[in-house]
Amino acid sequence: MMGKKDNMVVIAGPTAVGKSALGIELAKKLNGEIISADSMQIYREMDVGTAKVTAEEMQGIKHHLIDIVEPDVNFNVNDYKKKADEVIEDILSRGKLPIMVGGTGFYIQAVLKDVDFTEEKTDSLLREYFDKKSSTEDGRDELYNRLIIIDKDYADTVHKNNIKRVIRALEYNYLTGEKMSVHNKREEKREYKYNAACIFLNDDRSKLYERIDKRVDKMVENGLFEEVKSILDKGIPRNCTALQAIGYKEAVSYYDNVSDLNRTTELIKQNTRHYAKRQITWFKREKDFEEINISDLNYDRDKITDAAMEIINRKCEGM
């Protein structure tokens, strides 16, 4: 007989929808601590472009897995899961509630389903070849086109600029002979490790896009381009994972090609909107996530919090 599972709350959804604010409200109500599930907020010195929550915004709630590695570190889902598991165990041992907040679906899924990466095969020469190939725009396009041929189902879920996942899918196929899409379908059947209340925070698409555009303008105003210049001046490689993030990748191109600032800003907005659309598609597909559309609640923070609490009280024992 399996033991009782620990309670956990997950707040996911597209960028700029208000996940952090909701997470903090719930943490205050439920004696919780926040675990960031954002693949770029892990990096130090990348504050403006990742919309990192400030100390003031945290309102005294402890946040984990933010600012834990330098920008030149190649940090992957396996690294994230190891650290997240340790943090969750620590939070639970102190009688508090883990609240995972973020939009990186792959990270969230790995933790909830306790995906075991220890047996995944790697090949240093193959990875070196892929990394070298991905250092140019033409090389990245070639790798993505190769993925379309090998595994179109998986390629349809990954943007070609998400080179880390493109390479991982190619590497997995070369070393195992199996498609990543087949692997993922098998993983989807795994049961959750935790008794998790999973909330998918969403919004009317046009309102979300409007907020994204305003957020990007604010990032530029707050020094996004200066932040990227500071990272480049430290000799951080342009093809490192951190600088592939939306906002950073375009800013690097701006400095390298002396592009037009307004055109680059518009490109960041466009790419962020596309990313938000992919996030929405991901979480709508996750059957255990219950959607709260903030437009249906007239953006009333109290009503949004109450709707989240209703899901949590229904899903989690003893809350």
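Below or above, wherever it landed, is the structure these notes cover. In this text, all values refer to a predicted model and were calculated from it rather than measured experimentally. (Residues numbered from 1 in each chain as written. Predicted model: local features only at pLDDT ≥ 70, side-chain atom pairs only at ≥ 80, totals over all residues. Heavy atoms only, no water.)

## Concerning the overall build of the chain
Turning to step 1, where the next piece is worked out: The helix and strand tally for the chain stands at 14 helices and six strands.
Turning to step 2, where the next piece is worked out: A compact globule built from 319 residues should have a C-alpha radius of gyration of about 20 Å, and the chain, at 20 Å, falls within 12% of that.
Turning to step 3, where the next piece is worked out: Its C-alpha atoms give the chain principal-axis dimensions of roughly 55 × 50 × 35 Å.
Turning to step 4, where the next piece is worked out: Within the span of the chain, comprising 319 residues, buried residues form 49% of the whole.
Turning to step 5, where the next piece is worked out: Here the chain has roughly 15,900 Å² of accessible surface; of this, 47% comes from carbon and sulfur atoms.
Turning to step 6, where the next piece is worked out: Of the charged side chains in the chain, 53 are positive and 58 negative; the average position of the first set lies 2 Å away from that of the second. (Helix = DSSP H or I, 4+ residues; strand = E, 2+ residues; numbered from the N terminus. Rg over C-alpha atoms; globule rule 2.2 N^0.38 Å. Buried < 20%, exposed > 50% of the residue type's maximum accessible area, 1.4 Å probe, protein only. Areas by Shrake-Rupley, 256 points an atom, 1.4 Å probe, with all protein chains shown as cover. Lys, Arg positive; Asp, Glu negative; His and termini not counted. Charge placed at Lys NZ, Arg CZ, Asp CG, Glu CD.)

## Describing helix H1 (residues 19-30)
Turning to step 1, where the next piece is worked out: Across its twelve residues, H1 extends 16 Å between first and last C-alpha, which sits within 8% of the 16 Å expected from 1.5 Å per residue.
Turning to step 2, where the next piece is worked out: Those residues of H1 that fall on the buried side of the exposure criterion are Lys19, Leu22, Gly23, Ile24, Leu26, Ala27 and Leu30.
Turning to step 3, where the next piece is worked out: Positioned one or two residues after H1, Asn31 has a phi angle of 55 degrees, which is positive. (Expected span 1.5 Å × (residues − 1).)

## Looking at helix H13 (residues 261-285)
Turning to step 1, where the next piece is worked out: The terminal C-alpha atoms of H13 lie 36 Å apart, and with 25 residues this matches the ideal 36 Å at 1.5 Å per residue to within 8%.
Turning to step 2, where the next piece is worked out: Inspection of H13 places Thr264, Thr265, Ile268, Lys269, Asn271, Thr272, Ala276, Gln279, Ile280, Trp282 and Phe283 among the buried residues, and these make up the whole buried set.
Turning to step 3, where the next piece is worked out: Of the residues that open H13, the one with a side-chain oxygen 3.2 Å from the backbone nitrogen of Asn262 is Asp260. (Polar contact = N/O pair within 3.5 Å; in protein donor to acceptor, adjacent residues only side chain to side chain.)

## Examining the pattern of salt bridges
Turning to step 1, where the next piece is worked out: What the rule picks out here adds up to 33 salt bridges.
Turning to step 2, where the next piece is worked out: Put simply, Glu70 and Arg44 hold a salt bridge, and the shortest N to O gap is 2.7 Å. In this pair, Glu70 is assigned in the loop between strand E3 (63-64) and helix H3 (77-93) and Arg44 in the loop between strand E2 (32-36) and helix H2 (55-58), connecting sequence segments 26 residues apart.
Turning to step 3, where the next piece is worked out: For the salt bridge of Lys229 with Asp233, the shortest nitrogen-to-oxygen distance reads 3.2 Å. Here Asp233 and Lys229 lie together in helix H11 (residues 224-233), a separation of four residues that amounts to about one turn.
Turning to step 4, where the next piece is worked out: Under the relative-accessibility criterion, Asp233 is labelled exposed at 55%.
Turning to step 5, where the next piece is worked out: One salt-bridge network, held together by shared partners, links Glu290, Glu310, Arg314 and Lys315. (Salt bridge = Lys/Arg side-chain N within 4 Å of Asp/Glu carboxyl O.)

## Some thoughts on the packing of H1 against helix H14 (residues 301-315)
Turning to step 1, where the next piece is worked out: Running from amino to carboxyl end, H1 crosses H14 at an angle of 60 degrees, the nearest separation of the two axes being 10 Å. The orientation of H1 relative to H14 falls into the category oblique. Here H1 runs over H14; the crossing is right-handed. On H14, the residues touching Ala21, Leu22, Glu25, Leu26, Lys29 and Leu30 of H1 are Arg301, Ile304, Thr305, Ala308, Met309 and Ile312.
Turning to step 2, where the next piece is worked out: Looking at the contact of H1 with H14 residue by residue, the class counts come to eight nonpolar, one polar and three charged. (Axes fitted to C-alpha atoms, helices over the stretch in contact; angles between N-to-C directions. Parallel < 35°, antiparallel > 145°, perpendicular 65-115°, else oblique. Left-handed = near helix turned anticlockwise from the far one by under 90°. Contact = heavy atoms within 4.5 Å. Nonpolar A, V, L, I, M, F, W, Y, C, P; charged D, E, K, R; others polar.)

## Remarks on the nonpolar core
Turning to step 1, where the next piece is worked out: Residues Tyr80, Met100 and Phe289 are the most contacted members of the largest nonpolar core, which totals 81 residues.
Turning to step 2, where the next piece is worked out: Beyond its immediate sequence surroundings of up to four residues, Met100 is in contact with Met8, Val9, Val10, Ile11, Ile35, Ala37, Tyr80, Ile88, Ile108 and Val111.
Turning to step 3, where the next piece is worked out: If you look at the next biggest cluster of nonpolar residues, it comprises 15 residues, including Leu126, Tyr154, Ile163 and Ile167. (Core = buried A, V, L, I, M, F, W, Y, C linked by side-chain atoms within 4.5 Å.)

## What to know about unusual backbone geometry
Turning to step 1, where the next piece is worked out: In the Ramachandran plot, Asn31 falls in the positive-phi region, its phi being about 55 degrees despite a non-glycine side chain.
Turning to step 2, where the next piece is worked out: With respect to the element layout, Asn31 can be found in the loop between H1 and E2.

## Quick word on the side chain of Glu33
Turning to step 1, where the next piece is worked out: Residue placement: Glu33 occurs in strand E2.
Turning to step 2, where the next piece is worked out: In this structure the side chain of Glu33 is engaged in a polar contact, spanning 2.7 Å, whose partner is the side chain of His64.
Turning to step 3, where the next piece is worked out: A distance of 2.7 Å separates a polar atom in the side chain of Glu33 from a polar atom in the side chain of Arg94.
Turning to step 4, where the next piece is worked out: Contacts of Glu33, omitting those with residues within four sequence positions, involve Ile61, Lys62, His64, Ile91, Arg94, Lys96, Leu97, Pro98 and Ile99.

## Focus: the sheet that holds strand E5 (residues 195-202)
Turning to step 1, where the next piece is worked out: A sheet is described by the order of its strands in space; here six strands give the open sequence E3-E2-E4-E1-E5-E6, paired in parallel fashion. Two strands bound the open sheet, and with one partner strand each, they are E3 and strand E6 (289-293).
Turning to step 2, where the next piece is worked out: Pairing geometry for E2 and strand E4 (residues 97-102), over five bridges, is parallel. Within the sheet, the bridge partner assigned to Ile35 lies in E4 and is Met100.
Turning to step 3, where the next piece is worked out: Packed onto the sheet, helix H4 (residues 105-112) meets strand E1 (7-12), E4, E5 and E6 and runs at close to 170 degrees relative to E1.
Turning to step 4, where the next piece is worked out: The sheet contacts of H13 involve E1, E4, E5 and E6, and relative to E5 the element is tilted by about 140 degrees. (Pairing = 2+ DSSP bridges.)

## Points about the pairing of E5
Turning to step 1, where the next piece is worked out: Burial of E5 is extensive: seven of the eight residues sit out of reach of the surface.
Turning to step 2, where the next piece is worked out: Where E1 meets E5, six bridges bridge the pair, whose relative direction is parallel. Its bridge partner lying in E5, Val10 is registered against Cys198.
Turning to step 3, where the next piece is worked out: In the sheet, E5 pairs with E6 via five bridges, with the strands oriented parallel. Its bridge partner lying in E6, Cys198 is registered against Phe289.

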